[in-house]
Protein chains: 4
Amino acid sequence: MDLRPNETEANDRDLGFGSEVAARSQRRFINPDGSFNVERHGLGWRANLSLYHQLISMSWLRFVGLVVALYLLINAVFALAYVACGAQALAGAISGPLAARLLQAFFFSVQTFSTVGYGGVEPASLAANIVMTVESVTGLLSVALVTGLVFARFSHPVADIVFSRHGIVAPYRGITAFEFRIANSRRNQIVDLQARVILATLDPERPGKRIFRQLHLERDKVSFFPLSWTVVHPIDDDSPLAGLAPTDLERMEAEFLILLSGFDETFSQIVHTRSSYKAHEMRWNVKFSSMFESTPEDRSVAMDISRIHELEEVETPAASAS
Amino acid sequence: MDLRPNETEANDRDLGFGSEVAARSQRRFINPDGSFNVERHGLGWRANLSLYHQLISMSWLRFVGLVVALYLLINAVFALAYVACGAQALAGAISGPLAARLLQAFFFSVQTFSTVGYGGVEPASLAANIVMTVESVTGLLSVALVTGLVFARFSHPVADIVFSRHGIVAPYRGITAFEFRIANSRRNQIVDLQARVILATLDPERPGKRIFRQLHLERDKVSFFPLSWTVVHPIDDDSPLAGLAPTDLERMEAEFLILLSGFDETFSQIVHTRSSYKAHEMRWNVKFSSMFESTPEDRSVAMDISRIHELEEVETPAASAS
Amino acid sequence: MDLRPNETEANDRDLGFGSEVAARSQRRFINPDGSFNVERHGLGWRANLSLYHQLISMSWLRFVGLVVALYLLINAVFALAYVACGAQALAGAISGPLAARLLQAFFFSVQTFSTVGYGGVEPASLAANIVMTVESVTGLLSVALVTGLVFARFSHPVADIVFSRHGIVAPYRGITAFEFRIANSRRNQIVDLQARVILATLDPERPGKRIFRQLHLERDKVSFFPLSWTVVHPIDDDSPLAGLAPTDLERMEAEFLILLSGFDETFSQIVHTRSSYKAHEMRWNVKFSSMFESTPEDRSVAMDISRIHELEEVETPAASAS
Amino acid sequence: MDLRPNETEANDRDLGFGSEVAARSQRRFINPDGSFNVERHGLGWRANLSLYHQLISMSWLRFVGLVVALYLLINAVFALAYVACGAQALAGAISGPLAARLLQAFFFSVQTFSTVGYGGVEPASLAANIVMTVESVTGLLSVALVTGLVFARFSHPVADIVFSRHGIVAPYRGITAFEFRIANSRRNQIVDLQARVILATLDPERPGKRIFRQLHLERDKVSFFPLSWTVVHPIDDDSPLAGLAPTDLERMEAEFLILLSGFDETFSQIVHTRSSYKAHEMRWNVKFSSMFESTPEDRSVAMDISRIHELEEVETPAASAS
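The written sequence of each chain sets the order in which its residues are numbered from 1. The naming scheme follows written order: chains are lettered A onward, ligands numbered 1 onward. Thresholds applied to this predicted model are a pLDDT of at least 70 for local features of residues and 80 or more for the giving and counting of side-chain atom pairs; totals over whole chains, interfaces and linings are not thresholded and use all residues.

Helix and strand assignments follow DSSP, with helices taken as H or I runs no shorter than four residues and strands as E runs no shorter than two, numbered in order from the N terminus. Of the regular secondary structure elements, chain A holds nine helices and 17 strands. Here the C-beta atoms are placed from the backbone, and a residue counts as buried if at least 20 other C-beta atoms lie within 10 Å of its own, exposed if 12 or fewer do, and partly exposed otherwise. Considering chain A as a whole, with its 322 residues, one finds that 48% of them fall into the buried category. C-beta atoms are placed from the backbone for every residue, and two residues are taken to be in contact when these atoms lie within 7 Å. In chain A, 68% of the contacts between residues at least 6 apart in sequence involve partners at least 24 apart.

Right, here's the structure in full:
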């Protein structure tokens, strides 16, 4: 990315957001969950399906529900096949009305697909034996698929970094700074965490276009991230935020795009996460409250993550100057 | 790679294409599917087999077909083994002509290999029990192999980046630029996408040799790639393309080698993809049409990927100058 | 991290340890096992659970114990369900007192869940067949889960780097140096090993605050790590350790934070490991004994890792000067 | 690594080879298979076992053999347990001499462990049912272990790069150069391949010590590696090889340590490989023969990997000068 403050025109299309449309939208680029606010059309049904991505990303509840539903469906199909093989196809099966035979064939199919195979009912005709052979190899492949997916879900790292609800403009070493705070809400260790902040605004000189500028950070990388990290962009004279008031950000439709990447030790993989702050999510002349707790035993450093969003009023620089 | 424009001789063999042969071939270096147009001989049969690579790369249809075929083959072999154990080897089996006994042994083998084990037929002799023991451990290992392969196929990331059909030479900030356009045709997020473009041409000073020169890009990396990216090489005075006409590229057998790498968030892995443009795939004095759509609700940025190849005529610099 | 010696105030919060609390604690930041001495509160129960992290990190003994316990629990639950289906639910089951029927149902459940399915007992009612269907799909998912976890445990690299028990200050090229020694205690090859050392002390100018300073290393990276590596920070005039005596380190509550990362060839993954030395774990005017052994055959380089902690007295610079 | 030619003393221990011992050994540091010529003592039995590393690295033949052997052993143990449960423990089992009962119990165990479960023999006593429960959960965990290991073996990338048998000193642009040649012997694509060459020699000024110097390469990285790559170190005035004759290398016990790393596209992982050339494996005043073949159809670039070792005589610079 490596945007310098004076790179404006080119960045626009490099971010992959068409400038004319981007300006048309009043919405945000990056949703609170880190996904991009983007629609793609013209893909074939196959790309739209994106089966693997969905199977990996859906909740465990939905995943298990889907597996159970497919399990029942597959067995229902094989039940129909066994019944279609005729009345003598299954030895040990009772004869009876179609519904009863279907039900019995369904439970026989379950025994076969799951490889339980009690043996009270058994395929007796060539056709039934062939269906049973097909079902057994289907079962083998299905177990392999479900096992593979379960592991893929396990090994897919999800950085669960909590962002402070508000970005703030706080006093900082005589000047002010844009700041936000993040905390690691999992026990996973994240190391070598890196932050990038890009400011997207309307271009004052080109109506209907947007400009994207990377903000210089006091520090853009930390070696380890055991507790919280307050990311700081000092608003010095070089900052595109210099001299701006809250209403300016609103008018410019400003959005602070946040990109984080780090190494998750539990998953042994690099993880990326994103978020953004729109102008109305900014707070001015406040600072973040301390998240640290004093413990009576004083055994270790303790932090209350639920206080990540807490802000404290500070005197405005103007007020303190008076 | 890091080729500077004036590095010519050395690059030739560093790219791994022998210069004398490379020049002999009128064909392209990189095929449209990203594979290299290369044949290797003198490998042992083992390396040629490249079993794992093929099992990972083949289509799902072929993979499932192969598993089913092997499943049938293995069971056929064990059926022969059970029949070879003699008439009394399997309790519960009917006696009959060889074909019938083979068929019964086959279905018994399926029940054993898949671990269904109804029990209507059972091994009754020492020989049959030994064969059954071998089959059970074969089944265990086969399930492990298929499961492992299925997961390896799942976890093998395939960046599905669509390249514009044509590379173009378009007006750009007073001069012209070599450009091509890419789009992400999957829902997978690709971040930190990096592009390298290498121009391969015949060496005018050394007949029968080729030179490879890396082209300087306006931007060679983007932080995220939600929609499309137009990669731009400005044809300034330092560019090896400066002053060349379409016929020059044809005569020099020019090929633009494109190398992309990025981080796929769904697979949590780095992915590479390649493509190339030959001289006859270039279009001059055109520009890419916008892929963005206006949506009535104006909820998000929308893009029609099927329009990635669309070009628009532009006035030629000469025409506009007149 | 990239801390320069004169960066003090900012580093404090960047390390994620709140300065006011950090100074209050007399304990270490990094525990000998590499974990951070940190407590997090305010997380939901879900984040606290961190199920996956625990399942991956616990010992194999505990993991197997957990799997067996869950196996017994699940089967007990299904045993209750089968008994609740009524006396005629299981064909082949003997009738008897509740305890006997529960036991029989438990073993039937084991046969079903594990897909052994002898068939001596079989579900005979609709209710029992439905319970059996639920159990079979539960079994399928459980096998997938356990297999996925076993592989995740296998593929989770754990760098087993042994640190010398003591950090030392030893004579070094006319001056002294802070040194510690590490060795690879596994057969895994670790390549491209990188070291960072950060000195944490109380800030003499801001009571109750800490400063963190990265120490310059004679070499911060080695290409391969077959045996041992002595990491050396020369105490030259630029070093924050210049002129300090052992009692100074104690008084400043000094802690040397060590961060290592490298590429593990067995796991094909990047591994991180951490440790620290507190002032009382330092030894002065000693040097590390050689770990190398002479072998009669002289076939290879041999090293005795158990001698990694061994120190030798050296004349103090003062003594040798007298 | 980043060794500059004049760094001598420090590099010695940084490479992890104790200088005093290293000089004592006449053998090579890096074996032809890329392993280090190093012995480690003083590890506990657990570290020495390195079970996982061995299970991943052994040949498929040995791995399958080990699985089968353990399969038989586990079933033998359970057979003893079933027999120990008494004569009535297994319903359907014939009574007979101990050997026959053990054999029958063994095959029953196979049916249970593999979850085939024909049902002709079934546990009939509480003790036998408990043993069967233990065996079923053992089977579950064993299948998970074997499946996990099979996949770990699959996903463990092994770069199969062939090194030319000899390093050479060949004429190069008016001077000479140290060269060796590598080729990719698999269909796997390796991209972003990087080479480092370190020269290890006896230190002429410190008897019994070694020095390690990184050699500057004409190019140390290639973007893709479809065919072969000749790695070249020009022997200019700055080279530690300047002015040395073959006998000098012998006398200095020179060893060229080669370190390669790249990204394997099939495995989507970074792979490392190593090799070395000792003085007696060097050839002087030769050059590598072309590996490229002319194909009648001239469809693609073709290479005969079996010719990687072929050398051609060249006139010595001295001879050509005369």
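Next comes the rest of the description.
All right, on to helix H6 (residues 98-113) of chain C then. Working rule for helices: expected span equals 1.5 Å times residues minus one. Compared with an ideal rise of 1.5 Å per residue, which puts 16 residues at 22 Å, H6 of chain C spans 22 Å between its outermost C-alpha atoms and is within 8% of the ideal. Those residues of H6 of chain C not exposed but buried are Gln104, Ala105, Phe106, Phe107, Phe108, Ser109, Val110, Gln111, Thr112 and Phe113 of chain C. Where the residues of H6 of chain C are buried, they touch helix H5 (60-84), strand S2 (90-91) and helix H7 (126-154) of chain C together with helix H7 (126-154) of chain D. Positive backbone phi, at 65°, marks Thr115 of chain C, one or two positions downstream of H6 of chain C.

Glancing now at the environment of Ala93 of chain D. Residue and element names in this part refer to chain D. Following the sequence through the fold, Ala93 ends up in the loop between strand S2 (90-91) and helix H6 (98-113). Classification of Ala93 as buried rests on a count of 22 C-beta atoms within 10 Å. Residues Ala93 and Ile30, spaced 63 residues apart in sequence, show a C-alpha to C-alpha distance of 60 Å. Setting aside residues up to four positions removed in sequence, Ala93 forms contacts with Gln104 and Val121.

Moving on, we get to the pairing of strand S7 (residues 190-202) of chain C. Residues and elements named next belong to chain C. For S7 and strand S11 (residues 255-264), the ladder comprises nine bridges, and the chain directions are antiparallel. Counterpart to Gln194 in the pairing with S11 is Ser261. Direction of pairing for S7 relative to strand S9 (residues 221-224): antiparallel, over a ladder of three bridges. Along S9, the bridge assignment pairs Val191 with Phe224. Following DSSP output, two strands are said to pair if at least two bridges run between them. Pairing analysis gives five bridges linking S7 to strand S8 (residues 210-214), with the strands arranged antiparallel. Looking at S8, one finds that Leu199 is bridged to Arg213.

A large share of strand S8 (residues 210-214) of chain A lies buried, amounting to five of its five residues. Because side chains alternate across S8 of chain A, one face comprises the buried residues Arg210, Phe212 and Gln214 of chain A, and the other comprises Ile211 and Arg213 of chain A, equally buried.

So, about the packing of helix H5 (residues 60-84) of chain B against helix H6 (residues 98-113) of chain B. Residue and element names in this part refer to chain B. Where H5 contacts H6, the two axes come as close as 8 Å, and the packing angle between them is 120°. By the angle between their axes, H5 is oblique relative to H6. In the packing of H5 onto H6, the handedness of the crossing is right-handed. Residue-level contacts link Ile74, Asn75, Ala76, Phe78, Ala79, Tyr82 and Val83 of H5 to Arg101, Leu102, Ala105, Phe106, Phe108, Ser109, Val110 and Phe113 of H6. Split into classes, the residues belonging to the contact of H5 with H6 amount to twelve nonpolar, two polar and one charged. Only the contacting stretch of a helix is used when fitting its axis, a line to C-alpha atoms as for every element, and angles between N-to-C directions run 0 to 180 degrees. In this scheme, roughly parallel covers angles under 35 degrees and roughly antiparallel covers those over 145, while 65 to 115 is roughly perpendicular and the rest are oblique. Here a crossing is called left-handed whenever its near helix is offset anticlockwise from the far helix by less than a right angle, and right-handed whenever the offset is clockwise. In this classification, the charged set is Asp, Glu, Lys and Arg, the nonpolar set is Ala, Val, Leu, Ile, Met, Phe, Trp, Tyr, Cys and Pro, and all remaining amino acids, among them Gly, are polar.

This next bit is on the confidence of the model for chain A. Residue and element names in this part refer to chain A. Of all residues in chain A, 79% attain a pLDDT of 70 or more, and the chain-wide mean is 81. As a per-residue quantity, pLDDT reports the predictor's confidence and falls between 0 and 100. For chain A, helix H1 (residues 9-14) is the element with the lowest average pLDDT, namely 40, and helix H5 (residues 60-84) is the one with the highest, namely 95. Confidence drops under a pLDDT of 50 for residues 1-14, and excluding neighbours within four residues, the segment shows 29 contacts in the predicted structure. Predicted confidence is poor over residues 16-25, with pLDDT under 50, and the contacts of this stretch with residues over four places away or in other chains come to 32 contacts. Overall fold confidence (pTM) sits at 0.80, and the ipTM for the predicted complex is 0.74.

Residues and elements named next belong to chain B. The phi dihedral of Glu253 falls on the positive side, at around 50°, and the residue is not glycine. The residue Glu253 is located in the loop between helix H8 (246-251) and strand S11 (255-264) in this model. You can call Glu253 partly exposed: it has 18 C-beta atoms within 10 Å.

We now examine the environment of Phe151 of chain A. Topologically, Phe151 of chain A is positioned in helix H7 (residues 126-154). Phe151 of chain A sits 46 residues away from Ala105 of chain A along the chain, and the two C-alpha atoms are 32 Å apart.

Before going further, it helps to examine the environment of Gly174 of chain B. All names here are of chain B. For Gly174, the location among the structural elements is in the loop between strand S5 (167-172) and strand S6 (175-184). The class for Gly174 is exposed, based on 7 C-beta atoms found within 10 Å. With 77 residues separating them in the primary sequence, Gly174 and Pro97 have C-alpha atoms 88 Å apart.

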